[in-house]
Amino acid sequence: MLPVKYPLAFIVSAPGKVILHGEHSVVHGKTALAASLNIRTNITVKEGDSVDGKIILDLPNLDTKHAYTVLELNEIFLSNPPPLLKGSQCDFNLYNPELINTSKFIETLREYVLKSEKLQQLPFPQECALVAFLALYTGIFCSVNIQIQPFFIGVVSDLTLGSGCGSSASFSVCLAAAFIHYIRSKISLNSITHGNISKNGYKDMEMEIIDLTVFSAKEKELISRWALIGEKIMHGNPSGLDNATCTFGSVVKFRKGKEGQGAVLEHLSGTAKLKILLVDSGVRRDTARMLAKVSERLKCYPQVVQSTLDAMDGIAIAAAEILMLLGELDTEIGDTLKQQNSLHAKLEELVDMNQAFLNVLGVSHPSLDRICRTVSKCGFHAKLTGAGGGGYAFILLPPCSSQQTKVQQMKEQLERNGFVCTETELGSAGITVSNLI
Ligand SMILES: Nc1ncnc2c1ncn2[C@@H]1O[C@H](COP(=O)(O)OP(=O)(O)OP(=O)(O)O)[C@@H](O)[C@H]1O
Ligand SMILES: C[C@@](O)(CCO)CC(=O)[O-]
């Protein structure tokens, strides 16, 4: 294990995500298929020698900078556990975020943020970001027996916020990873690699630190579980798909767990490398509102919407199978081009079908529909990705380069219509960490 040095300085980085199939239906218990993007959020943490003991949170994507003192956070947030759903302080520690009563916790933090900003109301994106920071800071640090030094924490994302590419999940995953890495680095610096690391009054826990240059599968699972709390702040009722995809990276098949059970997450490591064209509709929207819209439709037309959700489940499962088959073809030598094209054509059909179902759920937008029509006239296939109502659409790009001219023509057509296009590959690494000294 490479030793970390004092003062701590490191960068954590998490990808955004694209939902290939299953947005919205996944919230209602159906299968989803998602992949990480190679567009990322990075968080830099640098311990400082600030004499006034400040934690400086810099959020340039939101034009927001905020300073808390370590003392203020210690006194207000770290002296007690967050509100719990059941049990008491002695049942809680870093390893059980699910014990937290998130709605009560979020409400208290929102009140604090507004009070400390001396405002009746903050723009919602800023408010959510500050609440997410405080929730993860408090939840993750409160039970662990380490001393927090003043630090600078800067978040920079190359993702467009509020557009369906998982900026909120990527942000929450980075925050959770940064705080967990901070703890394991402190523990390693203090050579407490064995024994209880809980504060008095909290449930005992040990932390096994194997390698400070990567996150183990177990650590990733913990990061994803904490990031879900961040997602609840942004969306109210997230499925857990976005935080899982941004934590683990690659291509994932996901199904939300039934009441009290964990999610079923399958890493599809053998899938073909997929290239997509992301198209920004330029319309910003709010995920929570889109989720509420689908729930309202489900209440109003239960049979229609349930059958739609079931059909979407079938689409995600079929697409996952095709992706695996395409992956197997990749490694074979011989005349596989015809098979590859025919499987790709099936994937494209599924994209069209899913876009139609998303329209049934009421989550498309005239701009997204216009993108789909333009793309279709050029012989390609597009669907919205994420919560819809605006944000991004994606187009699966053909596996062979022979259609490059056609792709270029489609891109130019979209750009002439005012849409911004980004060509990217799916399946990049999940959460990573680099120690700066
Ligand atoms: N780099 C960032 N800095 C600060 N806050 C961020 C950052 N990225 C995301 N956020 C927070 O996440 C919110 C965006 O969440 P929202 O769910 O609406 O969009 P999304 O995650 O991009 O879309 P989707 O959930 O459909 O993939 C922002 O308003 C902000 O509160
Ligand atoms: C719309 C949704 O399915 C995806 C948002 O990226 C919400 C969720 O899964 O939490």
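Residues numbered from 1 in each chain as written. Chains lettered and ligands numbered in written order. Predicted model: local features only at pLDDT ≥ 70, side-chain atom pairs only at ≥ 80, totals over all residues. Heavy atoms only, no water.

Q: Describe the pattern of salt bridges, and please don't skip the residues or the numbers.
A: The full count for this structure, using the stated rule, is ten salt bridges. Lys17 is the partner of Asp242 in a salt bridge, and the nearest nitrogen-oxygen pair spans 3.2 Å. In this pair, Asp242 sits in helix H6 (residues 241–248) while Lys17 sits in strand S1 (residues 9–21), placing the two residues 225 residues apart along the sequence. As far as the burial class goes, Asp242 and Lys17 line up, both buried. One salt bridge connects Glu98 with Arg225, and the closest N-O pair in it is separated by 2.8 Å. Within this pair, whereas Glu98 is found in the loop between helix H1 (70–76) and helix H2 (102–116), its partner Arg225 is found in helix H5 (residues 217–235), the two being separated by 127 residues in sequence. Residue Glu98 is classed as partly exposed on the basis of its relative accessible area, which comes to 46%. (Salt bridge = Lys/Arg side-chain N within 4 Å of Asp/Glu carboxyl O. Helix = DSSP H or I, 4+ residues; strand = E, 2+ residues; numbered from the N terminus. Buried < 20%, exposed > 50% of the residue type's maximum accessible area, 1.4 Å probe, protein only.)

Q: Account for the site of ligand 2, with residues named and values stated.
A: In the region of ligand 2, the neighbouring residues are Lys17, Ile19, Glu23, His24, Val26, Val27, Pro238, Ser239, Asp242, Leu291, Gly386 and Ala387. Backbone polar atom of His24 to an oxygen atom of ligand 2: 2.9 Å apart, as the coordinates give it. Contact with the protein chains hides 98% of the accessible area of ligand 2, taken as 300 Å² for the molecule alone. (Near = heavy atom within 4 Å. Polar contact = N/O pair within 3.5 Å; in protein donor to acceptor, adjacent residues only side chain to side chain. Areas by Shrake-Rupley, 256 points an atom, 1.4 Å probe, with all protein chains shown as cover.)

Q: Describe the domain arrangement of the protein, listing the residues and the values that go with them.
A: Along its sequence, the protein is carved into domain 1 (9–266 + 430–435) and domain 2 (270–425). Here domain 1 and domain 2 have C-alpha centroids that lie 30 Å from each other. Across the contact, 31 residues belong to domain 1 and 42 residues belong to domain 2. Interface area lost by domain 1 to domain 2 is led by His21, Glu23 and His24, which between them contribute 24%. Along the contact surface separating domain 1 from domain 2 lie three salt bridges. Residue Arg255 pairs with Asp313 through a salt bridge whose shortest N-O separation is 3.0 Å. For the interface between domain 1 and domain 2, the tally reads 14 residue pairs in polar contact (both at pLDDT 80 or more). (Domains from an automatic or database assignment. Contact = heavy atoms within 4.5 Å. Buried area = accessible area lost by both parts, 1.4 Å probe.)

Q: Describe unusual backbone geometry, listing the residues and the values that go with them.
A: The phi torsion at Asp63 lies on the positive side, around 55°, for a residue other than glycine. With respect to the secondary-structure elements, Asp63 resides in the loop between strand S3 (54–59) and strand S4 (64–69). Phi at Ser250 takes a positive value of approximately 65°, unusual for a residue other than glycine. Overall, the relative accessible area of 24% leaves Ser250 in the partly exposed class.

Q: Lay out helix H11 (residues 404–416) in plain terms, naming residues and giving numbers.
A: A rise of 1.5 Å per residue sets the reference length of H11, with its 13 residues, at 18 Å; its end C-alpha atoms lie 18 Å apart and thus fit the reference within 8%. When H11 is considered as a whole, its buried residues turn out to be Val407, Met410, Lys411 and Leu414. In an axial view of H11, the angular spread of the buried residues amounts to 100°, which keeps them on one side of the axis. Facing away from the buried side of H11 by more than 90 degrees, the exposed set consists of Thr405 and Arg416. Tucked inside the fold, the buried residues of H11 contact strand S8 (275–280), helix H10 (366–377), strand S10 (392–396) and strand S11 (420–425). Backbone geometry just after H11 places Gly418 at a positive phi near 90°. (Expected span 1.5 Å × (residues − 1). Arc of directions from axis to C-beta.)

Q: Explain the nonpolar core to me, using residue names and the numbers behind them.
A: Counting 77 residues, the largest nonpolar core has Val12, Phe133, Tyr137, Ile153, Phe179 and Trp226 as the members making the most contacts within it. Counting residues per element, this core draws most heavily on helix H4 (residues 167–189), which supplies 13 residues. Contacts of Phe179, omitting those with residues within four sequence positions, involve Phe133, Leu136, Tyr137, Ile140, Phe141, Phe151 and Ile153. In terms of nonpolar packing, the next biggest core, distinct from the first, is built from 29 residues, Leu33, Cys165, Leu323 and Leu426 among them. (Core = buried A, V, L, I, M, F, W, Y, C linked by side-chain atoms within 4.5 Å.)

Q: So what about the sheet that holds strand S9 (residues 382–384)? Which residues, and what values?
A: Pairing is antiparallel across the open sheet formed by four strands, whose spatial order is S9-S10-S8-S11. In the strand order of this sheet, the two ends are held by S9 and S11, each with one partner. Averaged over all pairs of adjacent strands, the angle between strand axes in this sheet comes to 25°, irrespective of strand direction. Two elements, S8 and S10, share five bridges in a ladder whose sense is antiparallel. Looking at S10, one finds that Leu277 is bridged to Ile395. (Pairing = 2+ DSSP bridges. Axes fitted to C-alpha atoms, helices over the stretch in contact; angles between N-to-C directions.)

Q: Let's hear about the UniProt feature "domain: GHMP kinase C-terminal" (unreviewed entry) in the protein: which residues, and what values?
A: The UniProt record annotates "domain: GHMP kinase C-terminal" (unreviewed entry) at residues 344–414. Across residues 344–414, helical content stands at 58% and strand content at 11%; the span's end C-alpha atoms are separated by 22 Å. (UniProt positions renumbered as here; feature names shortened; annotations may be inferred.)

Q: Run through a nonpolar patch on the surface, naming residues and quoting values.
A: On the surface, a nonpolar cluster with roughly 270 Å² of combined accessible area is contributed by Tyr301, Val304 and Val360. Here Val360 lies in helix H9 (residues 337–361). (Patch = residues over 30% accessible without salt bridge, like charges linked within 9 Å, V, L, I, M, F, W, Y side chains within 5 Å.)

Q: If you had to explain the side chain of His235 to someone new, which residues and values would you point to?
A: Structurally, the position occupied by His235 is in helix H5. The contact partners of His235, leaving out residues within four places of it in the chain, are Ser168, Asp242, Thr287, Ala288 and Leu291.

Q: Can you lay out the side chain of Ser143 for me, pointing to particular residues and giving the numbers?
A: Mapping Ser143 onto the fold places it in the loop between helix H3 (124–141) and strand S5 (151–157). The class of Ser143 is buried, set by a relative accessible area of 0%. In terms of polar contacts, Ser143 uses its side chain to reach the backbone amide nitrogen of Leu94, at 3.2 Å. What Ser143 contacts, discounting residues up to four positions off in sequence, is Phe92, Asn93, Leu94, Ile197, Ser198, Lys199, Tyr202 and Met205.

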